[in-house]
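If you want the building blocks of each chain, they are given just below.
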Amino acid sequence: MKNKSIWTIGVKDNSLAKLNKDITTDVLIIGGGIAGLSLAYFFKDSKYNVLLIDKNKCGLGATSKNTGKLTFMQDLVYNKLSSNYNEEIASLYLKSQKEAIDIICGIIRENKINCHLKKTKAYVFSNDENSIIDFEKEIKFYQKNNIKCRTKESLPISYPSKIVLETDDSYVFNPYEYLVSLKDILKNKITIYENTCCTSVDKDNDYYLCHTKNGNTIKAKYVIMATHYPIFIIPYFIPFKTIVERFFIGASSIDKIKDIQILSHNDPSISMRYYNNDMDNYFLYGRRNRKCTSSGDVRDDYNELNMEYNKYFGKDIDYFFHTHDIMTYDNLPFIGEVDNNLYIMTGFNKWGNTNSTIGGKLISDLILEKKNIYQDIFSPRRGFRLIKLRIFLCLMLMFFIDILLIKLILK
Ligand SMILES: Cc1cc2nc3c(=O)[nH]c(=O)nc-3n(C[C@H](O)[C@H](O)[C@H](O)COP(=O)(O)OP(=O)(O)OC[C@H]3O[C@@H](n4cnc5c(N)ncnc54)[C@H](O)[C@@H]3O)c2cc1C
């Protein structure tokens, strides 16, 4: 078993220079994953000077280890959004994901990017018959929103399933190849520095000062934190409104590929797809969804994954890799302004390929003073009630611990 993301096999990418001087720019994007590079793409022909920095090489963060799916069929998310908010917001989220897929396909077509984009059918399945009510609600939602969907007797691969839902018009691609190409297109249009780590951002009147690990300062009017997770807590307390989840993926070569992608509804969530990189065919199997903070050795997770791969597909994993994503309390991402001209893009709920694309469009629209219909539903300012509740519970806990300690001391 090799610990390597299959998306990086055979993909060449040259490093760019690191920043070694103080510099001023209009727009500073911190982070060169799919969020930062997608945002930069929307600025490439704008009137602004744009600078993007990445602490490593662009593209090698979480995006280079995801499952490369582009789909609006994200488990039974529209059920959740309808109950968290209402059907109108669920429909708006569906629209955003379909729009994101169109944008990515458009960028790939326009720039003739070879990132092994393929149209697939998408499946969500469950082995718990009690989930049928949730599936029925999702089907009703799809029907109301003109999305063709069908229930199936079983999955199109040999894997246990009791309830199966199928939709059309999803895609898969190699996310790392996509990012390497985006970087290549952008490096002549904007300024990109790699191996340049931002350690803090301070406000300086109408500007922001970004300090780097090398001791340089970048002065910028607009700053966008596209570092997967913001490097600050205030404003808007993102850590209080999110949790981090890990996911393990195994891949091994197989004879034939199918144009399908599969996701399970129940815990632990399971994700499957095929991939052909012109040299070999692969089948990917991802599972085990747990909080980053839980203890344990990742080797146990890989062994468990391998055992499961063997059980269902009769062979060992050739490649394995793992990554994590930021999950929000209400299934919508946090994309937008958190302070005057300071923006964040995070909380993609394991759907960052689409959410960061639509997020890049949203933030560029905000800075270029254009209207964008997703501004309110993705606003990072939401969720204040939850923060207040969590702070209240923390204070109560501290109060009870204090009482306990006083009692112990007095004894
Ligand atoms: C197992 C798994 C499978 C997934 N599959 C899918 C999928 O199929 N489809 C989908 O849509 N989404 C998927 N996701 C979600 C998706 O991978 C993420 O949401 C997305 O990659 C996040 O992109 P990003 O640009 O925010 O982060 P990253 O790709 O991690 O990029 C952040 C960049 O910021 C840089 N950086 C960090 N800190 C600093 C700093 N201080 N200074 C400078 N640079 C910095 C990093 O080096 C990195 O390059 C999946 C997630 C998981 C966990």
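Heads up: the structure comes first, above all this text.
Residues numbered from 1 in each chain as written. Predicted model: local features only at pLDDT ≥ 70, side-chain atom pairs only at ≥ 80, totals over all residues. Heavy atoms only, no water.

Residue-level account of the side chain of Ser-5, with values.
Mapping Ser-5 onto the fold places it in the loop between strand 1 (2-3) and strand 2 (23-30). Excluding anything up to four places from it in sequence, Ser-5 contacts Ser-64, Lys-65 and Phe-321. (Helix = DSSP H or I, 4+ residues; strand = E, 2+ residues; numbered from the N terminus. Contact = heavy atoms within 4.5 Å.)

So what's going on with the pattern of salt bridges? Residues and values would help.
Evaluation of the coordinates by the stated rule reveals 20 salt bridges. Between Asp-184 and Lys-187 there is a salt bridge, and its shortest N-O distance comes to 2.5 Å. Given the relative accessible area of 37%, Lys-187 is considered partly exposed. A salt bridge links Glu-304 to Arg-287; the nearest nitrogen and oxygen atoms lie 3.3 Å apart. Remark: Arg-287 occurs in strand 15 (residues 281-291) and Glu-304 occurs in helix 6 (residues 298-313); sequence separation between them is 17 residues. For Arg-287, a relative accessible area of 8% gives the class buried. The network of salt bridges with shared partners includes Asp-13, Lys-57, Lys-183 and Glu-194. (Salt bridge = Lys/Arg side-chain N within 4 Å of Asp/Glu carboxyl O. Buried < 20%, exposed > 50% of the residue type's maximum accessible area, 1.4 Å probe, protein only.)

Quick rundown of the site of the ligand? Include the residues and the values.
Taken together, 33 residues sit near the ligand, with Asp-54, Ala-62, Thr-63, Thr-67 and Asn-353 positioned nearest. Between Lys-350 and the ligand, the recorded distance is 3.0 Å, taken from a backbone N or O atom to a nitrogen atom. With the chains in place, 96% of the 1000 Å² that the ligand exposes on its own is no longer accessible. Breaking the shell around the ligand down by element, the ones donating at least two residues are helix 1 (34-43), strand 12 (242-253), strand 16 (319-328) and helix 7 (352-367). The residue makeup of the shell around the ligand, split by class, is 11 nonpolar, 17 polar and five charged. (Near = heavy atom within 4 Å. Polar contact = N/O pair within 3.5 Å; in protein donor to acceptor, adjacent residues only side chain to side chain. Areas by Shrake-Rupley, 256 points an atom, 1.4 Å probe, with all protein chains shown as cover. Nonpolar A, V, L, I, M, F, W, Y, C, P; charged D, E, K, R; others polar.)

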